[in-house]
Amino acid sequence: MSFGKMSVYDVYGAGGHAQVVIDVLRAQGIRVRRQYNDRPENQHPASINVLPGIRRVGLGRFPVLDVPVVLAVGINGERAELARMLDAHFGQAIHPSAIVAPSASIGEGTVLLHGSIVQPNARVGRHVLINTAASVDHDCVVEDYAHISPHATLSGHVHVGEGTHIGAGAVLIPKIKVGRWCRVGAGAVVVRDLPDHCTAVGNPARVLPDRSGEPTPDWTLIRSGHPEDSGLVAP
Ligand SMILES: CC(C)(COP(=O)(O)OP(=O)(O)OC[C@H]1O[C@@H](n2cnc3c(N)ncnc32)[C@H](O)[C@@H]1OP(=O)(O)O)[C@@H](O)C(=O)NCCC(=O)NCCS
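Residues numbered from 1 in each chain as written. Predicted model: local features only at pLDDT ≥ 70, side-chain atom pairs only at ≥ 80, totals over all residues.

## Notes on the overall build of the chain
Our working definition: Put simply, DSSP marks the helices as runs of H or I at least four residues long and the strands as runs of E at least two long, and each gets a number from the N terminus on. The atom set for the radius of gyration is the C-alpha atoms, and the globule formula is 2.2 Å times the number of residues raised to the power 0.38. Once C-beta atoms are placed from the backbone, each residue is buried if 20 or more other C-beta atoms lie within 10 Å of its own, exposed if 12 or fewer, and partly exposed for counts between those two. Think of it this way: build a C-beta for each residue from its backbone, and any pair within 7 Å is a contact.
A count of helices and strands for the chain gives four helices and 24 strands. Taken against the 2.2 N^0.38 rule, which gives 18 Å for 235 residues, the C-alpha radius of gyration of the chain at 18 Å falls within 12% of a compact globule. Expressed along its principal axes, the backbone C-alpha trace of the chain runs to roughly 50 × 40 × 30 Å. Counting over 235 residues, the chain shows a buried share of 44%. Intrachain contacts of the chain at a sequence separation of at least 6 include 28% that bridge at least 24 residues.

## A few points about the sheet that holds strand 8 (residues 105-106)
One key point about sheets: their strands pair by backbone hydrogen bonds, in either a parallel or an antiparallel sense. Short version of the rule: For two strands to pair, DSSP has to find at least two bridges joining them.
Strand order across the open sheet formed by five strands is 8-11-14-17-20, with parallel pairing between neighbours. Each edge of the sheet is formed by a strand with only one pairing partner; in this case those strands are strand 8 and strand 20 (177-178). When strand 8 meets strand 11 (residues 123-124), the two strands line up parallel, connected through two bridges. Following the sheet pairing, Ser105 is matched in strand 11 by Arg123.

## Focus: the sheet that holds strand 23 (residues 199-201)
In space, the eight strands of this open sheet follow the order 6-9-12-15-18-21-23-24, with mixed pairing throughout. One side of each edge strand has no neighbouring strand; the edge strands of this open sheet are strand 6 (93-94) and strand 24 (206-207). Pairing of strand 18 (residues 165-166) with strand 21 (residues 183-184), which is carried by two bridges, proceeds in the parallel orientation. For Ile166, the partnering residue across the bridge sits in strand 21 and is Val184.

## Examining the environment of Val21
Note on placement: Val21 falls in helix 1 (residues 16-27). On the neighbour-count criterion, Val21 (24 C-beta atoms within 10 Å) is buried. A sequence separation of 99 residues divides Val21 from Pro120, and the C-alpha atoms of the two residues are 24 Å apart. Ignoring anything within four residues of it in the chain, the contact list for Val21 reads Val11, Val70, Ala72, Ala93 and Val111.

## Some thoughts on the domain arrangement of the chain
This is how it is decided: In this entry, domain limits derive from an automatic or database-based domain assignment.
You can read the domains of the chain as domain 1 (8-85) and domain 2 (93-212). Just the C-alpha atoms count here: the centres of domain 1 and domain 2 sit 23 Å apart. The set of elements that each furnish at least two residues to the side of domain 1 that touches domain 2 consists of helix 1, strand 5 (69-71) and helix 3 (76-85).

## As for the pairing of strand 2 (residues 6-12)
Rules: By convention, a crossover is right-handed whenever its connection, traced from the first strand over the helix to the second and viewed with the strands pointing away, goes clockwise.
Bridge analysis of strand 2 against strand 3 (residues 30-37) gives five bridges, and the strand direction is parallel. By the bridge assignment for strand 3, Val8 is matched with Arg31. Handedness of the strand 2-helix 1-strand 3 crossover: right-handed. Looking at chain direction, strand 2 and strand 5 are connected through three bridges and run parallel. Its bridge partner being in strand 5, Val11 is matched across the sheet by Val70.

## Examining the environment of Leu129
Tracing the sequence through the fold places Leu129 in strand 12 (residues 129-130). A C-alpha to C-alpha distance of 9.0 Å links Leu129 and Ala72, two positions 57 residues apart in sequence. Discounting chain neighbours no more than four positions away, the residues touching Leu129 are Val111 and His147.

## A word on helix 1
What counts here: A helix's residues, less one, multiplied by 1.5 Å, set its expected span.
The terminal C-alpha atoms of helix 1 lie 17 Å apart, and with 12 residues this matches the ideal 16 Å at 1.5 Å per residue to within 8%. Close packing links the buried residues of helix 1 with strand 2, strand 3, strand 5, strand 6 and strand 9 (111-112). Gly29 sits one or two residues past helix 1 and shows a positive phi near 80 degrees.

Right under this line is the structure:
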């Protein structure tokens, strides 16, 4: 939908991260019509036109999404669930200060924040968050729902698995493979491949044996049928 020359989007999420995503959309010349929120207790006071989210009203009563939507929810597993639950066209949010090589590919719904860099031939999946000033170097692959935190550095040919969170300022040396749904601590220096579902911290990064990785999504949540069928019920 457009109002005059301006595009209009909805933003799913109403916490602090949603404020950043709204700032990005505005910088792209996009007007934000509504926000949706499943967590009233976390609502940022600057939020605008907030409607209850699909987890609060149930699948059947959630409004039709007739404009592009960006998932502005920081928890990777929640973005994965929402991408499955919502019958929507997902838009990207790419700040004008982000640098994306023409040969790089950026998936549906992905957010690139201020000053982030994606270098040639990198492939960034769907609903990924490349946070402020993070860099994704040439030939990297960042799978769906991953989050590369502020100032993290992925050297060339790094592979980050689905849903994995790379902490702020972490450094991954070239050709490292990090598994799916992992957590890499802030400031970690990753010099060896990491298995799925792990948490690793430090320099050199070591897996914490008593910790699991990023919470995995509930893949049984579906977009069609009744709320009861999908496990989504109104409060
Ligand atoms: C790695 C992380 C996920 C672990 O969280 P957690 O499971 O709650 O772990 P804890 O805080 O209980 O720490 C477990 C141990 O790891 C250590 N540790 C935690 N984070 C660490 C880090 N980033 N670097 C080095 N050591 C770390 C703790 O000191 C603790 O050590 P101890 O057992 O000797 O006391 C978290 O600390 C982290 O770094 N998250 C990244 C946050 C971030 O960058 N967010 C960006 C948002 S935009």
